[in-house]
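# Examining the three-dimensional arrangement
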Amino acid sequence: MSVATTDAMTDTMIELSNVRFGYSERVILDGLNLKVPRGQILAVMGGSGSGKTSLLGLLGGRNHAWSGEVRVAGQNVSSLNRAGLYGLRRQLGMLFQFGALFTDLTVFDNVAFPYREQTDLPEPVIRDLVLMKLEAVGLRGAAQLMPSELSGGMSRRVALARAIALDPTLMMYDEPFTGLDPISVGIIGRLIERLNQTFGMTSIIVTHDLNETLRIADRVVIISEGKVYRDMKPQEVRESQDPFIRQFADGLPDGPVPFHYPSPAYADQLIGEA
Amino acid sequence: MLLIGLEALGASITRTLDRLGLAARFSWGVVSVAGICLVRFSLLVREMYFSGVKSLAIISVSGLFVGMVLAVQGYEVLQRFGSAESLGSLVALSLVRELGPVVSALLFAGRASSAVTAEIGLMRATEQLAAMDMMAVNPLARIVAPRFMAAVVSLPLLAVIFSSAGVLGAYLVGVQLIGIDDGAFWSQMQASVDFRVDVLNGLIKSVVFGVAVGLISVFEGYHAAPTAEGVSSATTRTVVTSSLSVLVLDFVLTVSMFRGLS
């Protein structure tokens, strides 16, 4: 029994307690609580501006919580100084929405960047490691191309190879499927799943793409009004009758999330003002 | 009405102070990590190539033409007083003390600093800086500091090249075209230009301009709004602010350096 408790404690990768965060005077997250065990693929969903990307910023220490505690891999992120933060970030990988490849470097040099900056490995070893990572995302043949020569899906895969270069324990994906064709969506989805299994990573996917996400995620968290609105299994999302979740799942334009931006009555505005 | 005016004035002062504070903190941040350029010299060399070497053409051609124009104008005035032979010293002093450092800094701001601002601004807009930061690589050290140091090192060298090209231009027009005595041209120049007072002070000026122009370009790029409009207005601000700073600093430096000299 006591062993199980200890395991449960050390097996927590992420723990957010009562986190409050916003920009200037706008509160985005208000009393958010979330616990993610190691090895899980967690999908975070919610409307635009609900604070999904801010959440990733908090985990990586790029945003600072106004109050509450953010713990990643057992460390309190907001208490870390720059050196401590960089130490933590060496264990994290992040895939940005549009890849964020360095446009002045080739595909090869982009993936080699973390090795050259963070390790003292000799160049032949780096070469082999880069080719292995590129092979994992199926782009070994594109090593000498420039980022401007890649399609959106290929850029995302190269960025993924770069993000996993140092074998992170936590991978964060910011809208990994946005703007991709269905084939690329499938490829990225499978890669996320496979990387998680092969390397024993924990993954957090911030996304709008319900189909692919429900296929690969272990757990789905929906954020609304700064809090966790629902915490459920993918199957439960599919079967849920909650109007908010149905609107999200079925892509309905109007519902609990209104189609119209707050505005005065339409008729009043048309007739009232000459 | 008065209240609204006061409020707007107060708001604009607060905004300016806020930005100045931000600029000061940022500058300190950049300077404190600038040592990376010594450890990783290749980073500095790369930026010096893009900022300095690629500015060579515009700097040397401009220097040549400025020297040629100086020779024509100078000769026209000097010969009225029968001292056309002093053309060499007039041209050299004008170039070494003033035109070399100032015009090369202005050209550098337009040619190289604007490009640095746009590059850093776009790297920010496309999340390249954020990605680097998330890979535990400090963008201030890896991206910003080498570009700043490249300006500080390149600008004095470019100013020297500008002045040399100017002297050559003046020689071509004054001696070869107008026919001033070759020996008088060079010996007058040699006699009147002092290394410490003129050349060294000119170099000090360009180092100061390099620091100012370098800091402005990286600051504007790093803090550009992540949109097309944000990057374009940051680029414009770099050129305008750099040029004005160079001219104001030049006045201050000239007054403090050459005060009391005959």
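The structure we're discussing is the one just above.
The model shown is predicted, which means the values in this text are computed figures rather than measured ones. (Residues numbered from 1 in each chain as written. Chains lettered and ligands numbered in written order. Predicted model: local features only at pLDDT ≥ 70, side-chain atom pairs only at ≥ 80, totals over all residues. Heavy atoms only, no water.)

## Examining the overall build of chain A
The condition is simple: Secondary structure elements are defined from DSSP: runs of H or I of at least 4 residues count as helices, runs of E of at least 2 residues count as strands, and each element is numbered from the N terminus. As a reference, a globule follows 2.2 Å times the number of residues to the power 0.38, and the radius of gyration itself is taken over C-alpha atoms. Relative accessibility decides the category of a residue: with a 1.4 Å probe and only protein chains considered, values under 20% of the type maximum give buried, values over 50% give exposed, and everything between is partly exposed. The contact rule is simple, with two residues in contact once any of their heavy atoms fall within 4.5 Å. In this charge count, Lys and Arg are treated as positive and Asp and Glu as negative; neither His nor the chain ends contribute. Just so you know, the charge point we use is NZ for Lys, CZ for Arg, CG for Asp and CD for Glu.
Broken down by element type, chain A carries 11 helices and 10 strands. Over its C-alpha trace chain A gives a radius of gyration of 21 Å, about what one expects of a compact globule, namely 19 Å for 274 residues. Projected onto its principal axes, the C-alpha coordinates of chain A cover approximately 75 × 55 × 40 Å. Looking at the 274 residues of chain A, the share that counts as buried comes to 47%. Nonlocal contacts in chain A, meaning residues at least 24 apart in sequence, comprise 63% of its contacts between residues at least 6 apart. Distance from the positive charge centre (26 side chains) to the negative charge centre (31 side chains) of chain A: 4 Å.

## Notes on the sheet that holds strand β1 (residues 12-23) of chain A
Residues and elements named next belong to chain A. Our working definition: The rule for pairing is simple: two strands pair if DSSP sees at least two bridges between them.
Taken in spatial order, the 4 strands make up an open sheet running β2-β1-β4-β5, and their pairing is antiparallel. Among the strands making up the open sheet, the edge pair consists of β2 (26-37) and β5 (75-76). Direction of pairing for strand β4 (residues 67-72) relative to β5: antiparallel, over a ladder of 2 bridges. Bridge pairing in β5 links V72 to Q75.

## Notes on the packing of helix α5 (residues 87-125) of chain B against helix α9 (residues 195-222) of chain B
Residues and elements named next belong to chain B. Heads up, the condition is: Axis lines are fitted through C-alpha atoms, for helices just across the contact stretch, and the angle between N-to-C directions can take any value from 0 to 180 degrees. For classification, angles of less than 35 degrees are called roughly parallel, those exceeding 145 degrees roughly antiparallel, those between 65 and 115 degrees roughly perpendicular, and all remaining angles oblique. Left-handed describes a crossing in which the near helix is turned anticlockwise from the far one by less than a right angle; the clockwise case is right-handed. Throughout, the ten residues Ala, Val, Leu, Ile, Met, Phe, Trp, Tyr, Cys and Pro are labelled nonpolar, Asp, Glu, Lys and Arg are labelled charged, and all others, Gly among them, are labelled polar.
Contact geometry of α5 with α9 gives a least axis separation of 8 Å together with a crossing angle of 15°. What the angle tells us is that α5 and α9 run roughly parallel. Of the two possible hands of crossing, α5 and α9 adopt the one that is right-handed. Along the lines of polarity and charge, the residues of the contact of α5 with α9 split into 15 nonpolar, 7 polar and 6 charged.

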